[in-house]
Amino acid sequence: MAATLAAGLFFYSSCTPAEKTDTKDYTQYVNTFIGGADNGHTFPGACYPFGMIQTSPVTGAVGWRYCSEYVYEDSLIWGFTQTHLNGTGCMDLGDILVMPVTGTRVRAWDAYRSHFPKDKEAATPGYYTAELSDPQVKAELTASIHAALHRYTYHKADSASILIDLQHGPAWREEQYHSQVNSCEVNWEDAQTLTGHVNNTVWVNQDYFFVMKFNRPVVDSIYLPMGETEKGKRIIASFDMQPGDELMMKVALSTTSVDGAKKNLEAEIPAWDFEGVKTAAHNEWNNYLSRIEIDGTDDEKTNFYTCFYHALIQPNQISDVDGMYRNAADSIVKAGTGAFYSTFSLWDTYRAAHPFYTLVIPERVDGFVNSLIEQGEVQGFLPIWGLWGKENFCMIGNHGVPVVAEACLKDLPGIDQEKAYQAIKKSLTENHYNSEWDIYDQYGYLPVDLIDREAVSKTLEFGYDDYSAALLAKKLGKQEDYEFFMKRALYYKNLFDLETKLMRGKDSNGKWRTPFNPFYLCHGGTRGGDYTEGNAWQYSWHVQQDVDGLVQLMGGKEAFAAQLDTLFELEATEEQSGGELWDVTGLIGQYAHGNEPSHHVTYLYALAGRPERTQELVREIFDTQYKNKPDGLCGNDDCGQMSAWYMLSAMGFYPVDPVSAEYVFGAPQLPKMTLHLADGKTFTIIAENLSKEHKYVDSITLNGEPYTKKTISHEDIVKGGTLVYKMK
């Protein structure tokens, strides 16, 4: 059976760029519970790298706290769902809740929740287990790309059953929880097979088709009553079992059809081989994690490899094994490059996660980029936040643009650069929701009296997209387009207030927003305001494309650095800030490491001639904002962006300007790292004398030669070599 399974999974197995045969178990350093408390919004369950399935426990589902359906401190498990988002600040998925139950059957669906002892809960990449105290069942989960495999050991067999809940899904409010399913069809094809189709709407309108198979026949089933607004069916399926018996269940998903789900299941989990599927998932995770070898303490290794793990949970492959998927127009089509990916939290991930992918998993990048382009061709613009092949319009900017441009500017193979550029140009010149190009072009900024919220942040975010388009236009010889987009990339200057030295809202008559409170924390969805999940202090540094220009606006390097000092030292009262904001966390002064617009800011000191302050702050962030415990993340992981910041910063550099293919030096945080790159090359990073006392960079050599630049290029890294930091 294991041989059959391996054959089914072979097409999807990874092969590390350096063709490593290392047998070390790097998964031992992954703590899947990091981020499962406070506001990390991660989940501990089983998944496969870039897979469609994330099967994981549910401890709650209503409210922002439960975006991933799991909070470590909770004492009840509601059941196990098959799909989850990793570290997001909004919610969706949570499809097909199942829960093993025993004892007298009741018709109240929420009566089947169970306590679970925390010392019996455990997880590793590709595997999760917990003991459910109330039904006395040991639950175990593992996964392939498109399918989950559950194993339930019933310690008692009194009316052994499974609750199948197709109404369930995370929701903002209780009433939404009971009304998010639009339609639900199920069919018992035989005594061991349930199939169905559900359409629901939370963040996007989602269609999923499923096949669920049991390793023993269902002897009875009942349908629980639905609430007035509910359309999702809840079924109690019962089995003839003895104490100690195992019930196994396979669940495969598809966006296209029940037949698609069946193909996925047969290709990936044809046999009832739980250990085989678990081993395949473990080995695939280990293959990826082995691409970076590090020296460090156990806590440092755990933080690093958990970040690596979180970064590779998504983007998710939502096309079937034959390449078919449901696109943004609800048409069933074949992916242009064999696989279609979604779950693109681009406002977050363009900053560091996608640059990290170009270094460590370059063979996946063409699939990601071509998926963005394919979705863009259907909906008329590149994805802003792509989920399940659809657009949810969350956040601002059009940050599919820098992701696509970066891949082209780095000349990664498998991408039609002209086609990519046309998708970029259309995205940045034709109006669509939250992208008012006519107003932007007319005024050279978004006026606060014409754009009712986030006008300053949108202007600044648009500038980076314009700059990304300009660089690709120049590469392709499109001089007129280059000049057009580069001009727009400098529109940020129109919102710089010389008096406060901050980015400030301006109306269509050119008058500043008055009164102006630079501490007030704005949130487009709830508080309105001119900024996105932040305030003027946090957003005024969002000029990744022209740091030198921003330095000059502020009066030169000394004044610029002084303003940065104020950012990291300035405290705000609750009255000034308007109170706490969920997404603005990890504060050092007004710097907010828990939210992405701040992520490049520590590195601006290095560009302004004060690299030692960058190095000092990076160490402080490592020591205070990332810890090996469930509440160890200071903010949402946001589909791997928080994690990517950690990994790249640990290497001693960070992409302040991702599309430039240059990484700004900070300070390494580990004594030695080896990156196994494409074509068998390696890039080794050594920090000589690194310690608590020796945390500043004294000098740098690259391949034995002195290196005095502020940045290191992508090209210098991927061609291999040795980078040595001498610490002082």
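Residues numbered from 1 in each chain as written. Predicted model: local features only at pLDDT ≥ 70, side-chain atom pairs only at ≥ 80, totals over all residues. Heavy atoms only, no water.

Colleague: Can you walk me through the sheet that holds strand β32 (residues 682-688) in this structure?
Modeller: Hydrogen bonds along the backbone pair up the strands of a sheet, which may run parallel or antiparallel. Taken in spatial order, the 6 strands make up an open sheet running β18-β31-β32-β36-β33-β34, and their pairing is mixed. On the outer flanks of this sheet lie β18 (292-295) and β34 (705-706), each paired with one strand and no other. As paired strands, β18 and strand β31 (residues 672-676) are joined by 4 bridges and run antiparallel to one another. Along β31, the bridge assignment pairs Asp295 with Lys672. Seen against the sheet, helix α5 (residues 298-311) touches β18 and β31 and runs at an angle of roughly 160° to β18. On the sheet, helix α20 (residues 641-651) packs against β18, β31, β32 and β36 (721-727) and is oriented at approximately 115° with respect to β31. (Pairing = 2+ DSSP bridges. Helix = DSSP H or I, 4+ residues; strand = E, 2+ residues; numbered from the N terminus. Contact = heavy atoms within 4.5 Å. Axes fitted to C-alpha atoms, helices over the stretch in contact; angles between N-to-C directions.)

Colleague: Got a minute to help me understand helix α12 (residues 455-475) in this structure?
Modeller: Residues separated by three or four positions in an α-helix point in the same direction, a consequence of the helix having 3.6 residues per turn. Here α12 spans 31 Å end to end across 21 residues, near enough to the 30 Å set by a 1.5 Å rise per residue. Where burial is concerned, most of α12 is hidden: 18 out of the 21 residues are buried. With its phi angle positive at about 80°, Gly477 sits one or two positions after the end of α12. (Expected span 1.5 Å × (residues − 1). Buried < 20%, exposed > 50% of the residue type's maximum accessible area, 1.4 Å probe, protein only.)

Colleague: It is not clear to me how the layout of surface pockets should be interpreted in this structure. Could you clarify?
Modeller: With a probe scaled to a water molecule rolled over the atoms, the places where space remains empty come into view. If you add up the space inside the largest pocket, you get close to 730 Å³. Every residue lining the largest pocket is counted, 36 residues in all, and those nearest its centre are Cys90, Cys394, Met395, His523 and Glu533. Partitioned by chemical class, the residues of the lining of the largest pocket number 13 nonpolar, 16 polar and 7 charged. (1 Å grid on protein atoms, 1.4 Å probe; cavity = no way out; pocket = protein on both sides within 12 Å on 5 of 7 lines; lining within 4 Å. Points joined across faces, edges and corners; volume = space filled by probe spheres on them. Nonpolar A, V, L, I, M, F, W, Y, C, P; charged D, E, K, R; others polar.)

Colleague: What exactly am I supposed to notice about the pairing of strand β16 (residues 234-238) here?
Modeller: Taken residue by residue, a regular strand's side chains alternate between the two faces of the sheet. The element β16 is extensively covered by neighbouring structure, given that 5 of its 5 residues are classed as buried. Both faces of β16 are covered, namely the face carrying Arg234, Ile236 and Ser238 and the face carrying Ile235 and Ala237. Both strand β11 (residues 161-165) and β16 contribute to a ladder of 5 bridges, which runs antiparallel. Bridge pairing in β16 links Leu163 to Ile236. Sheet topology places strand β15 (residues 220-223) next to β16; 4 bridges connect them, and they run antiparallel. Each residue of the ladder has a partner; that of Tyr223, found in β16, is Ile235.

Colleague: What exactly am I supposed to notice about the pattern of salt bridges here?
Modeller: According to the stated counting rule, one finds 30 salt bridges in the structure shown. Here Arg173 makes a salt bridge to Glu175, at a shortest N to O gap of 3.3 Å. Across the salt bridge formed by Lys719 and Asp716, the nearest N and O atoms sit 3.3 Å from each other. Looking at Lys719, the relative accessible area reads 47%, which means it is partly exposed. Here the residues in one salt-bridge network are Glu140, Arg151 and Glu275, joined through shared partners. (Salt bridge = Lys/Arg side-chain N within 4 Å of Asp/Glu carboxyl O.)

Colleague: What exactly am I supposed to notice about the confidence of the model for the chain here?
Modeller: Detailed conclusions should not be drawn from predicted coordinates in areas where pLDDT is low. In the predicted model, the chain carries a mean pLDDT of 95, and the fraction of residues at 70 or more is 97%. For residues 1-16, every residue scores under 50 in pLDDT, and the model assigns this stretch 35 contacts once sequence neighbours within four places are set aside. (pLDDT = per-residue confidence, 0-100.)

Colleague: Mind showing me how you'd approach unusual backbone geometry here?
Modeller: Following Gln314, the chain continues into Pro315 via a peptide bond in cis, with omega recorded as 0°. If you trace the backbone, Pro315 turns up in the loop between α5 and β19 (316-317). Each neighbour pair has its own omega, and for Thr514 with Pro515 the value is 0°, a cis peptide bond. Checked against the element boundaries, Pro515 lands in the loop between β26 (502-503) and α14 (536-539). A positive phi angle, near 60°, is found at Phe50, a position not held by glycine.

Colleague: What exactly am I supposed to notice about the sheet that holds strand β29 (residues 653-654) here?
Modeller: Here 3 strands make up an open sheet; going across it, the order is β29-β30-β35 and the pairing antiparallel. With one partner strand each, in any of the chains shown, β29 and β35 (711-713) form the two edges of the open sheet.

Colleague: When you look at the pairing of strand β14 (residues 205-214) in this model, what are you seeing that I'm missing?
Modeller: Most of β14 sits out of view: 8 of its 10 residues are buried. Where strand β13 (residues 193-201) and β14 come together, 9 bridges link them in antiparallel fashion. In the strand pairing of β14, Val198 is matched with Tyr208. Hairpin connection between β13 and β14: a loop of 3 residues separates the two successive antiparallel strands. Looking at chain direction, β14 and strand β17 (residues 246-254) are connected through 6 bridges and run antiparallel. Bridge pairing in β17 links Val211 to Ala252.

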